[in-house]
Amino acid sequence: MKKKIDYIVLFLAVLMGLGTISQWIVYASLEPNSPPVREGDFYDPKLTNLASLEELGGFIDSIANAHSIHNSFEYVELVDSIISLRFYHGLQNLRYSDNFMAFLMAQFSWSHFKAKVIPNDILKNNYAFCSQSSIVFQELLKRKNISSRSVLLPGHFCTEVYVNDQWLFYDVNMKPNFMDNPRMSARELLKNREILKAAYSSSINPDFEQLERIFAPDKVGYGEVNAFAAPNMRLFQQITWFFSWFGWAFFLIVWFIIKKIPFSFRFGLFIKSERFL
């Protein structure tokens, strides 16, 4: 019994170690290519250098200070414009070299396991899906104590921000133009189809038939105010990242503890625990 447990834990340590090593030396053929940029999807490649929430938030604050932007609405508009330029549209996945456990689980079970949700991971590249750019947008607003919530639409993910005592709709992924149209809540926008079409006519997806399906008035949903958009997936990716890089050390420590604790003592603890079941 003792040797079997020892061997299992040692095997897991070796397995994790091989996975960690492979992240460094055997991943080149698994690296995905960046998706192409859609026509009309304008972004600024220079903003790619802002690769963390701290750096991006500091950059936005510097612009706000330079232009004396202290009003919440104006600050949200600034964040919206910067995030729209920071990313172009494309699903960003964890690579084998980032997190081999999440990558392999996605390959053999559910593909969403490797879709990035941690903001600083998303900011490592210059493209993002609707949910990913919205996560970064919402997390930047939280740093300024500006309330927001996710807007869930069929096949699309947006944000509402609470400013000036009202909820206002933002879509940092499709990048609609509200310069000539008033900001309003998602429900108000869904009722005003002409404003919706006018705003999205210059977006990266001006297909009005598809917009009609996405912005169906009876299918809009909302996330909790100021709640992280994907808490379970964030926890999953944090745990698998730890074990992808340090799982070998974790199981080696467990193996060492098992080797040092006398088997009779461990067996006695097991028998005592059984009595309480």
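This write-up is about the structure you can find in this document.

## Structural notes on the sheet that holds strand E3 (residues 148-153)
Ordered by their spatial adjacency, four strands build an open sheet running E5-E4-E3-E6, and the pairing between neighbours is antiparallel. Strands at the two margins of the open sheet, each flanked by one partner only, are strand E5 (166-170) and strand E6 (221-222). Relative to strand E4 (residues 156-163), E3 runs antiparallel, the two sharing six bridges. From the neighbouring strand, Leu-152 faces E4, where its bridge partner is Phe-157. Those strands touched by helix H6 (residues 130-142) are E3, E4 and E5, and its axis lies near 15° from that of E4.

## Thoughts on the environment of Phe-256
When you line up the elements, Phe-256 lands in helix H10 (residues 231-260). The class of Phe-256 is partly exposed, set by a relative accessible area of 47%. Residues Phe-256 and Val-9, spaced 247 residues apart in sequence, show a C-alpha to C-alpha distance of 9.6 Å.

## A closer look at unusual backbone geometry
In the Ramachandran plot, Asn-145 falls in the positive-phi region, its phi being about 60° despite a non-glycine side chain. Mapped onto the elements of the fold, Asn-145 is located in the loop between H6 and E3. Notably, Lys-175 is not glycine yet its phi reads approximately 60°, a positive angle. Positionally, Lys-175 belongs in the loop between E5 and helix H7 (186-191).

## Comments concerning the side chain of Ser-84
Along the chain, the position of Ser-84 falls in helix H3 (residues 72-86). Beyond its immediate sequence surroundings of up to four residues, Ser-84 is in contact with Phe-42, Val-172 and Lys-175.

## As for a nonpolar patch on the surface
There is a patch of nonpolar side chains on the surface, built from Leu-10, Val-14, Leu-18, Ile-21, Trp-24, Ile-25, Trp-241, Phe-242, Phe-246, Trp-248, Phe-250 and Leu-252 and spanning about 1200 Å² of accessible area. Among the elements of the structure, helix H1 (2-25) and H10 are those that each provide at least two residues to the nonpolar patch. Within the secondary structure, Trp-248 is located in helix H10. A residue is classified by how much of its surface remains accessible, and Trp-248, at 35% relative accessible area, is partly exposed.

## Quick notes on the pairing of E4
For E4, a buried count of seven out of eight residues is recorded, marking the element as mostly surrounded by other parts of the structure. Where E4 and E5 come together, five bridges link them in antiparallel fashion. Directly across from Tyr-162, in E5, lies its bridge partner Trp-167. Hairpin connection between E4 and E5: a loop of two residues separates the two successive antiparallel strands, and Asn-164 in this loop has a positive phi of roughly 55°.

Reading the values: rules and limits
Residues numbered from 1 in each chain as written. Predicted model: local features only at pLDDT ≥ 70, side-chain atom pairs only at ≥ 80, totals over all residues. Heavy atoms only, no water. Pairing = 2+ DSSP bridges. Helix = DSSP H or I, 4+ residues; strand = E, 2+ residues; numbered from the N terminus. Contact = heavy atoms within 4.5 Å. Axes fitted to C-alpha atoms, helices over the stretch in contact; angles between N-to-C directions. Buried < 20%, exposed > 50% of the residue type's maximum accessible area, 1.4 Å probe, protein only. Patch = residues over 30% accessible without salt bridge, like charges linked within 9 Å, V, L, I, M, F, W, Y side chains within 5 Å. Areas by Shrake-Rupley, 256 points an atom, 1.4 Å probe, with all protein chains shown as cover. Salt bridge = Lys/Arg side-chain N within 4 Å of Asp/Glu carboxyl O.

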